[in-house]
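# An overview of the molecular structure
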Amino acid sequence: MDTPHQSQSLADELRAGVDRLAAMTRRRGRTFVGLFALAVTCIHVVAFLWPGTYEATAAVLLQRTRFASSVDADPKQPMVMTASVSEEEVNSEIAVLTSRQTLEATMKSTGLDTIPPPWYLRLIFAPLRGYEMGYAWLHETPYPTLAQRALEGMGRAISVERLKESNILVVSYRAGDPRFAEIVLDELLKQYLDWHVAVHSGVAVEPFFLSQAELLNQEVTQLQAQLHALKTPLEVTDFSTEREIAMRQHASLREEQLLLHRQVSELDAKLQSVRDTNGSRQDWTRVSTTTRPPSEATENLRAQILQLELEQIRLDTRYNAGSPLVKENTAKLVAARNALEVALTDVGEESTAGLNPLFTQIQQDGARYAADRAGTASRLQAIITQVAESQARMADLDSAATESERLELKLRSAKERYLMYLERTEKARVDAALDRSRVANVSIVQAASASPKPVSPKRLTTLIVSVFGGLIVALLVCAWLELVSAGVAGVLAAASPREELAR
């Protein structure tokens, strides 16, 4: 516990300190005020002479994202839209906006890499630059170029913030001139949109689809030329239709050929019957006379026998021996011959040198049969030639139809793939056009604009700094003057009696 004597000593020392401060204030009051005013004035002069920093701002709206289609660019594939802009998309857009590619393109477009820093900055940072140069020389590391320093400074001068509860990004850029800040920020947004499109446009599939469509177009042209070359020699348009027509014609020719074969066989049999009749009936060349007038019934029987014999020849060529028609005709022929023999036994015959009319008729029938047989044989030969040609054409059509089906299948497949690539090429062209026209998830809602008032140094900040700086400077100088005026010897003299008393 402190004793009353110690408490009284502390109070005395405190009163002594206050008295000394009051005495110093009376002595250094004018000096304090003068130093304070001088410091405040100097700080304001420096702030006034120091170049101001101006800030240009712009606003970017992040809309619903339109995702790029898959690589095949299917024309029936719908566009996928997200419900809202996520935090990941915002951070991604900020990264794209402040990426090195965007900053480098902006720097080259505006010429920031060719603008040297002001002389006062070079003067202030000259010692630091010398140190960096010596360090780079000693350690053999690359020394930063003016472009690299400009790129780094530009990255520090750019700031991007998202407005609360909105899809708006506020982009700001600080520079020593408001007009220059607007120009740089506008160029930055332009380069950002270009780089945004390049990043989000995906793979450029349109050249691939165009090249494939061109190859398929050439393939379709070649297949069409081959198919045309296959149809031209045969003079056909549709192989299936032409083959069906050829088959019908061939069947008709075959049927006619068989008919002519039957007719020729029938005429051959008739001619052979006439020859056999002429060879076996030599007495036909003379006229037979009887003591009685010739019987009309006998002549009718002979004519009927001849008709039955011709009918027998015709039936033999068309039917077999066991056919009822053949048997019936044979029976009629036998009965007619028997009746003729009975009739001839009752008639007395007398041979004459005159021609028999029946023999003359048989000769005429034989000549007619021979002429018909020659015509039918000639026609049969022509039909045989036509059948051979038709069969050869059908063989050619069969072979060509097989090749044509193969070519048409390849042509149909090539056309389908060609149309598919054309449709997808159009879809890819639309996607590329949408990307180039900025139909994406970013749009500029406010162009760059800078306030004519600098953002630094600010008047209020300068005032506060000048007041506190003036107070600190005035206090420090006044204290230093008190120490100098008192002198070190006086301080030692004031302290020496205490030291002697202590001894």
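So, a few notes on the structure that sits alongside this text. (Residues numbered from 1 in each chain as written. Predicted model: local features only at pLDDT ≥ 70, side-chain atom pairs only at ≥ 80, totals over all residues. Heavy atoms only, no water.)

What follows concerns the overall build of the chain. When you go through the chain residue by residue, the secondary structure sums to 13 helices and 6 strands. When burial is assessed residue by residue, the chain has 28% of its 503 residues classed as buried. Summed over its atoms, the accessible surface of the chain is roughly 33100 Å², and 60% of this surface lies on carbon and sulfur atoms. (Helix = DSSP H or I, 4+ residues; strand = E, 2+ residues; numbered from the N terminus. Buried < 20%, exposed > 50% of the residue type's maximum accessible area, 1.4 Å probe, protein only. Areas by Shrake-Rupley, 256 points an atom, 1.4 Å probe, with all protein chains shown as cover.)

For the structure shown, the criterion picks out 11 salt bridges. Put simply, R174 and E55 hold a salt bridge, and the shortest N to O gap is 3.5 Å. Here E55 lies in strand 1 (residues 54-62) and R174 lies in strand 3 (residues 168-175), a separation of 119 residues in the sequence. When its relative accessible area of 21% is taken as the criterion, E55 is described as partly exposed. A salt bridge links E132 to R129, with the shortest nitrogen-to-oxygen separation between them at 3.7 Å. (Salt bridge = Lys/Arg side-chain N within 4 Å of Asp/Glu carboxyl O.)

Before going further, it helps to examine unusual backbone geometry. Even without being a glycine, E140 presents a positive backbone phi close to 55 degrees. Residue position: E140 is located in the loop between helix 5 (126-139) and helix 6 (146-157).

Right, let's talk about the environment of H44 for a bit. Structurally, H44 can be placed in helix 1 (residues 4-49). Among the residues examined, H44 registers a relative accessible area of 32% and is labelled partly exposed. The sequence separation of H44 and R459 amounts to 415 residues, and the corresponding C-alpha distance is 9.1 Å. The residues contacting H44, other than those within four sequence positions of it, are T462, L463 and S466. (Contact = heavy atoms within 4.5 Å.)

Examined against the element boundaries, S466 turns out to sit in helix 13 (residues 459-502). With residues up to four places along the chain from it excluded, the contact list for S466 reads V40, I43 and H44.

For helix 10 (residues 296-318), which comprises 23 residues, the first-to-last C-alpha distance of 33 Å matches the rise-based estimate of 33 Å (1.5 Å per residue) to within 8%. Of all the positions in helix 10, only T298, L301, I305, L306, L308, E309, Q312, I313 and L315 are classed as buried. (Expected span 1.5 Å × (residues − 1).)

Residues V60, M154, V171, Y173, L185 and L188 are the most contacted members of the largest nonpolar core, which totals 31 residues. Put simply, the parts of the chain that give this core at least two residues each are strand 1, helix 2 (87-97), helix 3 (100-110), helix 6, strand 2 (158-162), strand 3, helix 7 (178-200) and strand 6 (442-450). A per-element tally of this core places helix 7 first, with 7 residues. Once residues within four sequence positions are removed from consideration, V60 is found in contact with N167, I168, L169, V171, L189, Y192, V442, S443, I444 and V445. (Core = buried A, V, L, I, M, F, W, Y, C linked by side-chain atoms within 4.5 Å.)

As a packed pair, helix 2 and helix 7 sit with axes 9 Å apart at the nearest point and diverge in direction by 120 degrees. In terms of axis orientation, helix 2 runs oblique to helix 7. The two elements helix 2 and helix 7 cross, and the hand of that crossing is right-handed. Two secondary-structure elements touch here, helix 2 through E93, V96 and L97 and helix 7 through L188, L189, Y192, W195, H196 and H200. Residue classes in the contact of helix 2 with helix 7 are distributed as 6 nonpolar, 2 polar and 1 charged. (Axes fitted to C-alpha atoms, helices over the stretch in contact; angles between N-to-C directions. Parallel < 35°, antiparallel > 145°, perpendicular 65-115°, else oblique. Left-handed = near helix turned anticlockwise from the far one by under 90°. Nonpolar A, V, L, I, M, F, W, Y, C, P; charged D, E, K, R; others polar.)

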